Amino acid sequence: MLPFITLLSIDKTSNQPVYLQIANNVVNIIREGQIKPGTMLPGTRELARLLNIHRKTAIAAYDELYAQSWIEVVPRKGARIAQNLPDLQPQRWNEPRLSSYGNMLAAPFYRIETHTNIPSGPVLRRPDFIIDEGYPDSRLAPLDLLNRAYRSRAKQNTVWKWMPGSLAGGSPLLRTALVGYLLESRGLDIQDHHTLITHGAQMSIYIAASLLLKPGDAVIVADPSYFLANKVFESLGARLVRVPVDGYGMDMDAVEQACKKNQINALYVIPHHHHPTTVTLSPERRMRLLELSRRFDFTIIEDDYDYEFHYNSAPFLPLASSQHDGRVIYIGSFSKSIAPSVRVGFMIAPADFIRQAIQLRMMIDLRGDHILEDALAELIHNGDIGRYLKKANKAYFERRDHLCLVLETELKGIVDFDKPSGGMALWARFNKDYPLIRVADAAAAKGLLISRGFRNHGNLRDDNSIRMGFASLEINEMNAAIEILTGVLKPKI
Ligand SMILES: Cc1ncc(COP(=O)(O)O)c(C=O)c1O
């Protein structure tokens, strides 16, 4: 037995837990034929002593081997290597095996046109810096607190929660916390049954659109607009009716004209920091939009993904918090306010709509991550999210101003922009002499990842513009990123 023990090596610096290292080692030794079926193994106490490990670790290693059928227990004697080993000989084939998974499915299937804004050609290196399209800085977010809350909840026995159908609307704790949070932050007067928790805002857009739109229906969107919402509408067979967007948001005269010419079923609006151009819908236009939705009888999908960050003044209250007679479906997301990895979004709608939305959500995804949702509820309840948002607002305010300053001083005449009143990105219009596809590829070769332009998102317009995110970069990182960009743009490429 002892020679066998000497073959076991433990690497305490490895990320792999020690019990798994032991179990894997034992399996390898068996496979190599160095230990035969039926060989008795030391007891767990003895193994722990010989390997200088905790007895619990030895027990866990044997449990693992037992679960995989590599060892068996002989009553009153102890554990031994199993007589019938699970997979001593990997199956061999006489003929070279052809995988059934080539490139093509045998039958034709629905194809989704793909777009990419990631540089192509010379991206051979991992980027040193990324100017993203407007993501929060996860380093400022209370992710440690969230992790701690997650860990302690994950250990609780909540098996009753996973019964089929239960909790598909989201964790009750989060739904309740959301009611308070939305009342305080945006004056929304709702109850738990008006809420649905989704996997990010994107799932809310998909569910709302699926319930509202049939093939041939018309939906008004801004031009340009958030490309992945457009894709959802189009994939449902809806017709996009595009209206211009200016410095005050969607043009309401154009909306009215569109309503006169078409039977409109829904309108998709991004009222704070429109995607992509980052403008905020003015209060007058909000009022007018509500009036038009009553007059022409359409539902508004209000995607307020970027509500939390505003710098010059308080944000405008959502359309959803005005009197709208059940015409507004409101959508938001913690993936934008906390961190992209926190994929928790929400939909607010009349109770009957939410009931149907829950049914649809269940078809896509039985339920969300309730442990994460409960943990998030705890942080909202304790005020951690509110405190973090204050801190992030201050940091992003400075970062926005800094990016505006360096663009003005370093890239005047090449990059034009309007300072956004909030959000995490500005809309940078590049001089046409500097085609963004070439700029992005040249920057990537120097270690800076930057979007190739909104044309690549499937937008119809080729206006040589991109969203430049400022929130996720500290000032020194931003300086370094802009230095690379400046190096690429001057001298002219
Ligand atoms: C306007 C807009 N709505 C919705 C989403 C999707 O948000 P989430 O990441 O929460 O799914 C995005 C993502 O970038 C967005 O820009």
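Criteria and cut-off values
Residues numbered from 1 in each chain as written. Predicted model: local features only at pLDDT ≥ 70, side-chain atom pairs only at ≥ 80, totals over all residues. Heavy atoms only, no water. Helix = DSSP H or I, 4+ residues; strand = E, 2+ residues; numbered from the N terminus. Buried < 20%, exposed > 50% of the residue type's maximum accessible area, 1.4 Å probe, protein only. Areas by Shrake-Rupley, 256 points an atom, 1.4 Å probe, with all protein chains shown as cover. Lys, Arg positive; Asp, Glu negative; His and termini not counted. Charge placed at Lys NZ, Arg CZ, Asp CG, Glu CD. Near = heavy atom within 4 Å. Polar contact = N/O pair within 3.5 Å; in protein donor to acceptor, adjacent residues only side chain to side chain. Nonpolar A, V, L, I, M, F, W, Y, C, P; charged D, E, K, R; others polar. Pairing = 2+ DSSP bridges. Right-handed = clockwise from strand over helix to strand, strands pointing away. Phe/Tyr/Trp six-rings, centres within 6.5 Å; stacked < 30°, edge-to-face > 60°.

A. Here's a closer look at the overall build of the protein chain. The helix and strand tally for the protein chain stands at 16 helices and 15 strands. Overall size of the protein chain, expressed as C-alpha extent along the three principal axes, is 85 × 60 × 55 Å. Buried residues in the protein chain amount to 51% of all 493 residues. Working note: accessible area of the protein chain is about 24,900 Å², and carbon and sulfur atoms make up 53% of it. On the protein chain, the mean spot of the 58 positive side-chain charges and the mean spot of the 53 negative ones are 5 Å from each other.

B. Region of the structure containing the site of the ligand. Around the ligand, 13 residues are found, and the nearest of them are Ala-201, His-275, Asp-303, Ser-333 and Ser-335. One of the side-chain N or O atoms of Arg-343 is found 2.8 Å from an oxygen atom in the ligand. Summarising the interface, the protein chains cover 92% of the accessible area of the ligand, which totals 390 Å² for the free molecule. If you list the elements that add at least two residues to the shell around the ligand, you get helix H7 (200-212) and helix H11 (334-337). Ranked by the residues each element gives to the shell around the ligand, the list is headed by H7, at four residues. For the shell around the ligand, the class distribution of residues is five nonpolar, five polar and three charged.

C. Representation of the pairing of strand E6 (residues 239-246) in the model. Pairing analysis gives six bridges linking strand E5 (residues 218-223) to E6, with the strands arranged parallel. Note on E6: the bridge partner recorded for Ala-222 is Val-243. Assessed by its sense of winding, the connection that carries the chain from E5 through helix H8 (residues 227-235) to E6 is right-handed. Where E6 lies against strand E7 (residues 249-250), two bridges are found, and the strand directions are antiparallel. When the bridges of E7 are listed, Asp-246 appears paired with Gly-249. Hairpin connection from E6 to E7: two residues lie between these consecutive antiparallel strands.

D. Up close: the packing of aromatic side chains. Taken as a whole and judged by the stated rule, the model has seven aromatic pairs. Ring geometry for Phe-233 versus Tyr-268: centroids 5.5 Å apart, planes at 65°, classification edge-to-face. Residue Phe-233 is found in helix H8, and its partner Tyr-268 is found in strand E8 (residues 264-269); the two are separated by 35 residues along the sequence. Taking relative accessible area as the criterion, Tyr-268 reaches 1% and is therefore assigned buried. Considering the side-chain rings of Phe-334 and Phe-346, the 5.8 Å spacing of their centres and the 55° angle between planes classify their relative orientation as tilted. Residue Phe-334 is located in helix H11, and its partner Phe-346 is located in strand E11 (residues 345-348); the two are separated by 12 residues in the primary sequence.

E. A look at the sheet that holds strand E12 (residues 415-416). Reading across from one edge, E12-E13-E15 is the order of the three strands in this open sheet, with antiparallel pairing throughout. The outermost strands of the open sheet, each flanked by one partner alone, are E12 and strand E15 (465-469). Here two bridges tie E12 to strand E13 (residues 425-430), and the two strands are oriented antiparallel to one another. What sits directly across from Val-415, in E13, is Phe-430.

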